[in-house]
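So the chains spell out like this:
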Amino acid sequence: MRKSISYIFVLIILLCSCRQQPTEHKRMMFKDEVRLKTTPIQNQGKSQLCWIYAMLGTIETEHLMQGDSVVLSTDYVTRMFLLEQARQRYLMRTKNSQNSKNENISMRGMMPMTIHLLEQYGIEPMASYHAPDNINYGVIGRKIDQIINVALTRRVGLKNLEQQVNDLLDTSIDYMPQFVFMLGAEYTPLEFAHSVCQKDEYEAYTSFTHHPFGTSFVLEVADNQMNDSFMNVPLDTLINRIDSSLQSGHPVCWEGDTSEPGFSFRNGVAQLDSIQQVSMKSIKNEEIQTLRQLQFEQFKTTDDHCMVLVGIARDEKNEKYYIAKNSWGKNNVFGGFMYLSEYYVKLKTIAVILRRE
């Protein structure tokens, strides 16, 4: 009974401290234990395309660790995503105009969606397909919405719609190359995609108790637009898989909550506040599992951002951190990289994608 009361008290402290204000601190020092190779840090700007940047960054690091080097085009994947949404919304509203929702083009998504788009449309190297630095995908999305509305009013047909959308994307992003040239070889975008990301090469995991462990389920977050399923495993297993992957030289694509006060891009650190950190050390992973579930159900753990985990480090107190490659540019103390505390990852991870064993 005493243990149960103590556990409930710890949970109350943790939940009540979740929105404490952050404190600025001096630059933390870390000693890297594992550090994988990465392609250069990119900047997604004001777009919501972190899920593309992170998944492509994961594939790029995987190839670098194998002695290969590719830098893939986020703009190509984005173009295909916009075109796919235009088709779907046009067809949905054409077939059932009275009951279908007039949903606007969205830039949000989850990590597995990038893999689906690669499998369907292929990929280009960044050198072959790259948008202007000042591109605003939000504006392009709104222009596509207008094209759809006009096409529905005039009943122009799907092929005409696709042509209008492609014309807009040509002038706004870049004109599409027909082939990929790499190391003296010629590929179609699909052939190139299959050379950098094989079918079923990656698998997706999560850890929540509202579904049985050892089964896959469609994760109930708004960004899961393609209704992707994730293998549900206990928290111990999830963390062990992350550690094992990094220690074996394979990156991990991470998706989780970045709305916490302890998440500071400027300082290059994501950590729980001091009260939560001390409390987390006093409870077992099974109890953290319960706390994860409570915060997920109460929308205190939300699906905010994706990054690539590329290493493991220790701070001056020998506390464990995960090294993350972010996509917000290089303007922080670690040149765009971040250090996520072990307890932050345990509590605030929504899902991960890693290479299949």
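Below: a short report on this structure. Note that the structure is a prediction, hence the values are computed from the model and not measured.

## Quick look at the packing of aromatic side chains
With the rule as written, the count across this model stands at 11 aromatic pairs. With centroids separated by 4.9 Å and ring planes inclined at 65 degrees, the aromatic side chains of F30 and Y321 adopt a geometry described as edge-to-face. Taken as a pair, F30 in strand β1 (residues 30-35) and Y321 in strand β11 (residues 320-325) lie far apart in primary sequence, 291 residues in all. Residue classification places F30 among the buried positions, given a relative accessible area of 18%. Judged by centre distance (5.9 Å) and plane angle (55 degrees), the ring pair of Y187 and F192 falls under tilted. Among the aromatic residues, those joined into a cluster by ring pairs are F30, Y321, F334 and Y339.

## Considerations on the nonpolar core
I59, I123, I144, L219, I242, L309 and L340 are the most contacted members of the largest nonpolar core, which has 104 residues in total. For I242, the contacting residues outside a window of four places in its chain are V252, L309, Y322, V345, V352 and L354.

## Quick look at the pairing of strand β13 (residues 349-355)
Of all seven residues that make up β13, six are buried, and the element is covered over most of its length. Taken together, the four bridges between strand β4 (residues 202-206) and β13 define a ladder with antiparallel strand orientation. Within β13, the position partnered with E203 by the bridge is L354. As paired strands, strand β7 (residues 252-256) and β13 are joined by five bridges and run antiparallel to one another. Of the residues in β13, the one forming a bridge with E255 is A351.

## Some thoughts on helix α3 (residues 74-95)
In a regular helix each residue adds 1.5 Å, so 22 residues correspond to 32 Å; α3 covers 32 Å between its end C-alpha atoms and thus fits that length. Judged by how many residues are buried, α3 sits mostly within the fold: 16 of 22 residues are covered.

## Comments concerning the side chain of T78
Along the chain, T78 turns up in helix α3. Residue T78 is classed as buried on the basis of its relative accessible area of 1%. If we ignore the near neighbours within four places in the chain, the residues touching T78 are L49, I52, M107 and Y137.

## Focus: the environment of G67
Along the chain, G67 turns up in the loop between α2 (50-65) and α3. Since its relative accessible area comes to 69%, G67 is described here as exposed. When the C-alpha atoms of G67 and L117 are compared, they prove to be 25 Å apart, with 50 residues separating the residues in sequence.

## With respect to the packing of helix α5 (residues 137-154) against helix α6 (residues 158-172)
The interhelical angle for the contact between α5 and α6, taken along N-to-C directions, is 160 degrees, at an axis separation of 10 Å. The pairing of α5 with α6 is recorded here as roughly antiparallel in orientation. α5 and α6 meet at a crossing whose hand is right-handed. Contacts from I140, K143, I144, I147, I148 and A151 of α5 reach α6 at L161, Q164, V165, L168, L169 and S172. Residues belonging to the contact of α5 with α6 are distributed by class as follows: nine nonpolar, two polar and one charged.

## Overview of the pattern of salt bridges
This structure, assessed with the given rule, holds 16 salt bridges. Note that R355 and E62 form a salt bridge whose closest N and O atoms lie 3.4 Å from each other. Taken together, the residues R355 in strand β13 and E62 in helix α2 connect sequence positions 293 residues apart. A relative accessible area of 29% means that R355 is categorised as partly exposed. Assessed through its relative accessible area of 1%, E62 is described here as buried.

## A word on the side chain of D228
Inspection of the secondary structure assignment puts D228 in the loop between β5 (216-218) and β6 (229-232). Of the polar contacts made by the side chain of D228, one reaches the side chain of H116; its length is 2.4 Å. Apart from residues lying up to four places away in sequence, D228 is in contact with P112, M113, H116, F217, V218 and L219.

Criteria and thresholds
Residues numbered from 1 in each chain as written. Predicted model: local features only at pLDDT ≥ 70, side-chain atom pairs only at ≥ 80, totals over all residues. Heavy atoms only, no water. Phe/Tyr/Trp six-rings, centres within 6.5 Å; stacked < 30°, edge-to-face > 60°. Helix = DSSP H or I, 4+ residues; strand = E, 2+ residues; numbered from the N terminus. Buried < 20%, exposed > 50% of the residue type's maximum accessible area, 1.4 Å probe, protein only. Core = buried A, V, L, I, M, F, W, Y, C linked by side-chain atoms within 4.5 Å. Contact = heavy atoms within 4.5 Å. Pairing = 2+ DSSP bridges. Expected span 1.5 Å × (residues − 1). Axes fitted to C-alpha atoms, helices over the stretch in contact; angles between N-to-C directions. Parallel < 35°, antiparallel > 145°, perpendicular 65-115°, else oblique. Left-handed = near helix turned anticlockwise from the far one by under 90°. Nonpolar A, V, L, I, M, F, W, Y, C, P; charged D, E, K, R; others polar. Salt bridge = Lys/Arg side-chain N within 4 Å of Asp/Glu carboxyl O. Polar contact = N/O pair within 3.5 Å; in protein donor to acceptor, adjacent residues only side chain to side chain.

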